[in-house]
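Single-letter residue listing:
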Amino acid sequence: MLTINQYVRAESLEQAYELCQKKRNVVLGGMLWLKMQHRNVETAIDLCDLGLDQITETSDSYTIGAMVSLRTLEQHAGLAALTQGAFAEALSHIVGVQFRNTATVGGSLFGRFGFSDVLTLFVVLDAKIELYHHGMLSIAEFCALPRNTRDILVQVHVPKTQKRVVYLSQRNSATDFPVLTCAVALQDGNCQCAIGARPLAAVTFTDETGILQNGITPESAAAFAQNIAQKAEFGKDIRAGVEYRKRVCAVLVRRALLQAKEG
Amino acid sequence: MNKGYRYVGQPIRKKDAMQLLLGKPAFVDDITPKDALVVKVLRSKYAHAWIQEINTDIALKVPGVVAVYTYKDVPQKRFTQAGQTYPEPSPYDRLLLDQRVRFVGDAVAIVAAENEKAADKALKLIKVQYEVLEPVLDMHTAKDNPILVHPEDNWIANCPVGADNQRNLCASGSETHGDLEGVFATCDEIIEHSYRVQACQQAMMETFRTYTEIDRYGRLHVISSTQIVFHCRRIIANALDIPKSKVHVEKPRIGGGFGAKQTVVAEVYPAFVTWKTKRPAKMIYTREESQIAASPRHEMEVHVRLGASKEGIIRALDVYTLSNTGAYGEHGPTTVGLSGHKSIPLYTANMEAFRFGYDVVYTNKQAAGAYRGYGATQGIFAVESAVNELADKLGIDPTVIREKNMVREGMTMPAYYNETTNACALDRCLERCKEIFDWEHKFPVRHMPDGKIRTAGVALSMQGSAISNCDVGSATIKLGDEGFYNLLIGAADMGTGCDTTLSQIAAECLECSPDEIEVFGADSDASPYDSGSYASSTAYLTGKAVEKACIELKENMCRIGAQLLQCEPEELEFRGDGVYKLDGSGFASRMDIATKSMVCNTIPAQATVSHTSPVSPPPFMAGMIEIELDPETGGVQVLDCAAVVDCGTALNPALARVQTEGGIVQGIGMALFENVSYMPDGSIAENSFMQYKIPTRLDMGKLHVEFEESHEPTGPYGAKSIGEVVINISAPAIAHAIFRATGVWHRTLPITPEKILLAMPNA
Amino acid sequence: MQIQMTLNQKKITAEIEADTLLLDFVRDHGCLSVKRGCETANCGLCTVLLDGVPVLSCSTLAARATGHHVQTLEGLQAEAEEFVGFIADQGAEQCGFCNPGFVMNTIALLRENPTPTDDEIRAYLAGNLCRCSGYDGQLRGIRAYLDWKEAQAK
């Protein structure tokens, strides 16, 4: 059971940051994950009054506030256009509409959960995570931070890079956690591919050996996919084991590539 | 089929539909006081342990904590929590709290507190020193294992079910009909395999919950979400070792049961607290508790040996079931019986010999209970899969092989207590199902342009209608002011709509609108005795009691009317709005009779009838499911499901249809992803809805349900049961379709994408 | 701590503990339609509208609702009554325990998309579990309502 001794609506990021330095204090996201934990929280820090529930557009990027709900992200027309609908595909399988209205982008990312659909997608979009104290980080840098990092995730920046993006996932049932997630982005002949729910957090791959250099064909896509499936590290949980994930990885990457090529 | 009824067979709204849809208070936690003591249970983290020391001193000091009870505080007479007719076939193997704990989640202590936080805090502060014992976790090694789950000498089996606690046996038995080995010796084809069904969870949306208080007579008043108010009364009295007369149990609306609430899972804890403290108490099971310490399906491994001629004549069936009852024996001896008795008779037509044997073993896993299908589900998955394997091996269409062998009307079923099918439309069900499903086009394996594979599978199902020579269904019908009726029942509407269907039966008989019949139940003080709503009994058995009670009431109304009209009752005829003199010379309205019944009257304006049945007529069903399988990921999407059911007369076709649809979808979950896996320490991994996935509306495809009616002469207006038969076809039909798509028979449920992919040929 | 919110059109002020969940808060304030079906935000039974948006009250702090408008089925009876009869006609309410969450989310769906396709209905309501009905009757009910509404408009 979760207990919270004190609730504070932060009036500034600075205040939130200071509060969250204490070990027993915690920043609230959508509270879906936090709620399930058995822990005693001294102070719950709510960012809901800081205007972080907006997606704003500049000439070269979208800025997604930490308190934007997954549902808002899923339905955002600009991001949908930028990614050819990949956000909706990445998010629409997560439990249900009410869940996604409740869950926040910040909460989904800060835990760096292995099963995170949204993290997998952000990776290939070259998104930057803005932490209040650590500043702007790539997803890789962000994921590498120690788990006990006490900072505030403020917003996520997604550059308006023109890419062909495809997101695919495999699930045992329609709204379950994914058994594997896969995001692929093509840009100027370069390919970026992220594999998540391994069940570890997403890892990124590029075409280092030039398998795709002569174009994406069914054969080259399959070869590239096999290569990633061999390179990526997979684990076991109650949903699936290593061998299954490896094989599905090769399938999803190949399909995503071919789909991205066709557009 | 129009049988000329006015209200029976009409798809009318459920009496409580609008109340429920508009969210009015109807359930235990809505209608009982908020300030009752919060009751929680400390649960064992070990699968098998002996409590050496338990210290509650610190827990008791938490402000708001009222009581903490341990094994030292409870009665030492063993009882069963199984809601069954006394003497229960389930062994008396429980204490409220025991010094030996037998599964991860078993009760160690009971805490009662003024609020939830205090209760939670106290749970953490109870100091328990365990002697951790080696558990028995594998059901295959449980029988005659030196480690005993119930070594105690006050363990009691009330009925001769082949139980022996010194062998970890909750029940065992065997029966043979015909020259089994002789027939097998001359069979051209023998299919022999084991099939395993996991311990699925009922997962009703309302968890177990009970409110208890001492009423104004000093009795224990229990308001609980239960299917069995009368059994519940007895079980609570047994657990507390108090007179049955001191307990009064009623149910409000129930948020789903599916058999879960045919076991007294939560009631005993608040009941004990209230009895001890004399204060109102409430226990609301968490979802986690409902997943780990409740009453799920019995895990069964069903070994089938099926013998047939090369023409596909099924001549012999040999079924052996190993059933895992877990740490306690609730429904262990009875569920196993259905795995044979409700599967073998499906193929009565040419059956020359059969054998059905079983062992039900204790293990240190969650105790099982009653879940819709009650063993038949497990047996039918096995036998139907074996029949599909036979059809494939012989190259015969699986529907054709069934046409050759299935039970038909008028046949005597040696494997079903020698009962004769007085009403059986299974042949028509199968024929119609093929039509509406388009079997001819959907059964062939079709490779789609995107690489996915479409194909289909088929299965038949049967169940029973009440427990023959045992269950009692009762109804009281009484005439009230201005001529309305009260119908009092002890059966439990748990969403199934029996309050409404029973009122339709009464309305048919009393020639009035169902709206004129107010239904009340169930209440152990006020309702006439009824075994309760389980074993597919309510429509068939309580329904017949309603019909008979209404006939009796009509006679009484004629007698009262005769006084008003100053004639003999024989000169009168009941016609709905009142009684008429046959010669047309007089009429007394229902209102006149009601009024007269309250003035200087000795003739009861009410009737109570109890009904029982020497037979348990099976409802039947044919079902077909089309899937699309992704051979590269093992993913399965259910596309289409057609089912045709013979439930005799469908008393309310709308409700019967929804029952069927709900059962099919539960079956889909069981077939594909409702997993129950144990960690090495004996705990259940799927202990929440996050891990135990039940079907959403995106997991089930399209459903087409129809009815082929038959007329069961012993049922009310020809009705048989509907509630359970509908859960049995999904798993074997889906396993069949997966075989068609992949060439691999999966004989262990659930059939997950991982299992499918890794078993694919050329993997 | 003290909070103020609008609950079903009514402004209320209440003293709560910091960890009071919105679900428990609204039940304590007479909104008994709101149900708890799990502890893991998976069932949809506790759905309420927060400023018109369907959210899970089991995972929302009452404190976070301060200054906002919370609606439960108690406050949306008329809007619900317009369509729930069609579900009753199918018998798809069954045990009824999931009904309030399902009805609340259907209200949200129909506000957002007054003419949804069957697939849109399935997708929007995917987070509302029901163990009794097999879902199809609920869909038929909503479809019947939409057909009726369309006929009315003509």
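Residues numbered from 1 in each chain as written. Chains lettered and ligands numbered in written order. Predicted model: local features only at pLDDT ≥ 70, side-chain atom pairs only at ≥ 80, totals over all residues. Heavy atoms only, no water.

## Looking at the overall build of chain B
Working step 1: If you tally the helices and strands in chain B, you get 19 helices and 29 strands.
Working step 2: Per-residue burial for chain B yields a buried fraction of 67% across its 763 residues.
Working step 3: Long-range pairs, those at least 24 residues apart, make up 79% of the contacts in chain B between residues at least 6 apart in sequence.
Working step 4: In chain B, 75 positive and 95 negative side-chain charges are present, and the distance between their average locations comes to 4 Å. (Helix = DSSP H or I, 4+ residues; strand = E, 2+ residues; numbered from the N terminus. Buried < 20%, exposed > 50% of the residue type's maximum accessible area, 1.4 Å probe, protein only. Contact = heavy atoms within 4.5 Å. Lys, Arg positive; Asp, Glu negative; His and termini not counted. Charge placed at Lys NZ, Arg CZ, Asp CG, Glu CD.)

## Notes on the domain arrangement of chain B
All names here are of chain B.
Working step 1: Splitting chain B by domain gives domain 1 (17-24 + 468-611), domain 2 (32-135 + 202-292) and domain 3 (136-199 + 303-417).
Working step 2: Relative placement of domain 1 and domain 2: their C-alpha centres are 37 Å apart.
Working step 3: Listed by partner, the interface residues are 22 residues for domain 1 and 22 residues for domain 2.
Working step 4: Summing both partners gives a buried area of about 1,700 Å² for domain 1 against domain 2, and 49% of it is carried by carbon and sulfur.
Working step 5: Note that R219 and D525 form a salt bridge whose closest N and O atoms lie 2.7 Å from each other. (Domains from an automatic or database assignment. Buried area = accessible area lost by both parts, 1.4 Å probe. Salt bridge = Lys/Arg side-chain N within 4 Å of Asp/Glu carboxyl O.)

## Overview of the interface of chain A and chain C
Working step 1: The interface is formed by 27 residues belonging to chain A together with 30 residues belonging to chain C.
Working step 2: The junction of chain A with chain C conceals about 2,100 Å² of combined surface from both sides, 57% of it contributed by carbon and sulfur atoms.
Working step 3: It is Y7, K35 and Q98 of chain A that lose the most area in chain A upon contact with chain C, and together they represent 30% of the buried surface on that side.
Working step 4: The tally of links from chain A across to chain C stands at two salt bridges.
Working step 5: One salt bridge in this structure joins D46 of chain A and R64 of chain C, with 2.8 Å as the shortest N-O distance.
Working step 6: Contributing elements (two or more residues each) for the side of chain A that touches chain C: β1 (3-9), α2 (32-35), α3 (70-75) and α6 (97-102) of chain A.

## So, the pairing of strand β12 (residues 281-284) of chain B
Residues and elements named next belong to chain B.
Working step 1: Relative to β12, strand β1 (residues 37-43) runs parallel, the two sharing two bridges. Among the inter-strand pairings, V38 is bridged to a residue of β12, identified as K282.
Working step 2: Two elements, strand β9 (residues 209-214) and β12, share four bridges in a ladder whose sense is antiparallel. By the bridge assignment for β12, T212 is matched with A281. (Pairing = 2+ DSSP bridges.)

## Observations concerning the confidence of the model for chain C
Working step 1: For chain C, mean pLDDT is 98; residues scoring 70 or higher make up 100% of the total.
Working step 2: On the interface metric, ipTM, the complex scores 0.99, and its pTM is 0.98. (pLDDT = per-residue confidence, 0-100.)

## As for the pattern of salt bridges
Working step 1: Evaluated as defined, the whole model comprises 71 salt bridges over all chains.
Working step 2: Residues K14 of chain B and D16 of chain B are paired through a salt bridge, measuring 3.7 Å at the closest nitrogen-oxygen approach.
Working step 3: Between E573 of chain B and R575 of chain B there is a salt bridge; the shortest N-O distance is 2.8 Å.
Working step 4: For E573 of chain B, a relative accessible area of 34% puts it in the partly exposed group.
Working step 5: Members of the salt-bridge network, linked through shared partners, are K14, D16, R253, D493 and D499 of chain B together with E93 of chain C.

## Regarding the environment of T175 of chain A
Working step 1: By the secondary structure assignment, T175 of chain A is in the loop between β9 (164-171) and β10 (178-187).
Working step 2: Owing to a relative accessible area of 8%, T175 of chain A belongs among the buried residues under this scheme.

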